[in-house]
Amino acid sequence: MTTTRHWTIAVLLLAAACGEEGPTKYEDMDFDQRASFMNEVVLPEMRETFVGFDAKYASMTCATCHGSGAADGTYAMPNPDLPRLPPTEEEFLEYVKDPEHGRWSQFMVDEVWPQMADLLAVPAFDPVKAPMGFSCSSCHMVEGQQ
């Protein structure tokens, strides 16, 4: 667990112990609060995760995930600049047979997906418990999607 994550947890626990409401949930943050949270918590933690997967991500910026949305200030997700995923389960199973796609998909499912859900304090996708939870389509569009 990173130092930033430790501090975030410490602040949450301190706020709870003092009887305060605690930090604002991501979904309730305004644009400036979200930008600060992303820059101070999400970006450093995700950079560390991605560097553990591939050292080329040492220079990760907002544009790595948000693409042109970082330049135009919208930061909209899902991001059409990220690789598009196959639209059906059958096509996805074919897609991951490619070693590079498989490697990336496994990394995303095992590390990125649960970590982002945790950082945003939202449920990770579960077809029964959280069908609208954080998943691949929170960041990636599927082929044919506009």
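Model, not experiment: these values are computed from the prediction. Residues take numbers from 1 onward in each chain, read along the sequence in its written order. Under the rules for a predicted model, residues below a pLDDT of 70 receive no local features and side-chain atom pairs below 80 are neither given nor counted, while totals for whole chains, interfaces and linings still include all residues. Only heavy atoms go into the side-chain values, all of them from the structure, while hydrogens and water stay out.

### So, the packing of helix α2 (residues 31–53) against helix α6 (residues 99–120)
Fitted lines through C-alpha atoms serve as axes, helices being fitted only where they are in contact, and the angles separating the N-to-C directions of these axes extend from 0 to 180 degrees. Numbering of helices and strands runs from the N terminus, with a helix taken as a DSSP run of H or I at least four residues long and a strand as a DSSP run of E at least two residues long. Relative orientation of the contacting elements α2 and α6 amounts to 155 degrees, with a least axis distance of 11 Å. By the angle between their axes, α2 is roughly antiparallel relative to α6. Every pair of crossing elements has a handedness; the one defined by α2 and α6 is right-handed. Along the contact surface, α2 presents Phe37, Val41, Val42, Glu45, Met46, Thr49, Phe50 and Phe53, while α6 presents Arg103, Trp104, Phe107, Met108, Glu111, Val112, Gln115, Met116, Leu119 and Leu120. Split into classes, the residues belonging to the contact of α2 with α6 amount to 13 nonpolar, 2 polar and 3 charged. Working definition: roughly parallel below 35 degrees, roughly antiparallel above 145 degrees, roughly perpendicular at 65 to 115 degrees, and oblique for all remaining angles. Crossing handedness: left-handed means the near helix sits turned counterclockwise from the far one by under a right angle, and right-handed means the same turn made clockwise. Residues count as neighbours in contact if any of their non-hydrogen atoms are within 4.5 Å of one another. For this scheme, ten residues count as nonpolar: Ala, Val, Leu, Ile, Met, Phe, Trp, Tyr, Cys and Pro. Four count as charged, namely Asp, Glu, Lys and Arg, and the remainder, Gly too, count as polar.

### A closer look at the environment of Lys25
Summarising the element assignment, Lys25 is placed in the loop between α1 (3–17) and α2. Classification of Lys25 by relative accessible area gives exposed; the value is 54%. Separated by 97 residues in the primary sequence, Lys25 and Val122 place their C-alpha atoms 9.3 Å from one another. Exposure categories follow from relative accessible area, calculated using a 1.4 Å probe and restricted to protein chains: below 20% of the type maximum is buried, above 50% is exposed, and the middle band is partly exposed.

### Looking at α6
What a helix is expected to span follows from its residue count: subtract one and scale by 1.5 Å. Look at α6: 30 Å from first C-alpha to last across 22 residues, which is about the 32 Å you get at 1.5 Å a residue. The angle separating two fitted axes, one through the seven residues that finish at a residue and one through the seven that start at it, defines the bend at that residue. At Met108, α6 shows its largest kink, close to 40 degrees. Looking only at α6, the buried set comprises Gly102, Trp104, Ser105, Phe107, Val112, Trp113, Gln115, Met116, Ala117, Leu119 and Leu120. Immediately downstream of α6, the backbone of Ala121 shows phi near 55 degrees, a positive value.

### Topic: the pattern of salt bridges
What makes a salt bridge here is a side-chain nitrogen of Lys or Arg within 4 Å of a carboxyl oxygen of Asp or Glu, nothing more. Overall, the coordinates contain 2 salt bridges when judged by the stated rule. The residue Lys97 makes a salt bridge to Glu94 at a minimum N-O spacing of 2.8 Å. The shortest N-O distance in the salt bridge between Arg103 and Glu100 comes to 3.1 Å. Separated by 3 residues within a single helix, Arg103 and Glu100 lie in helix α6, roughly one turn from each other.

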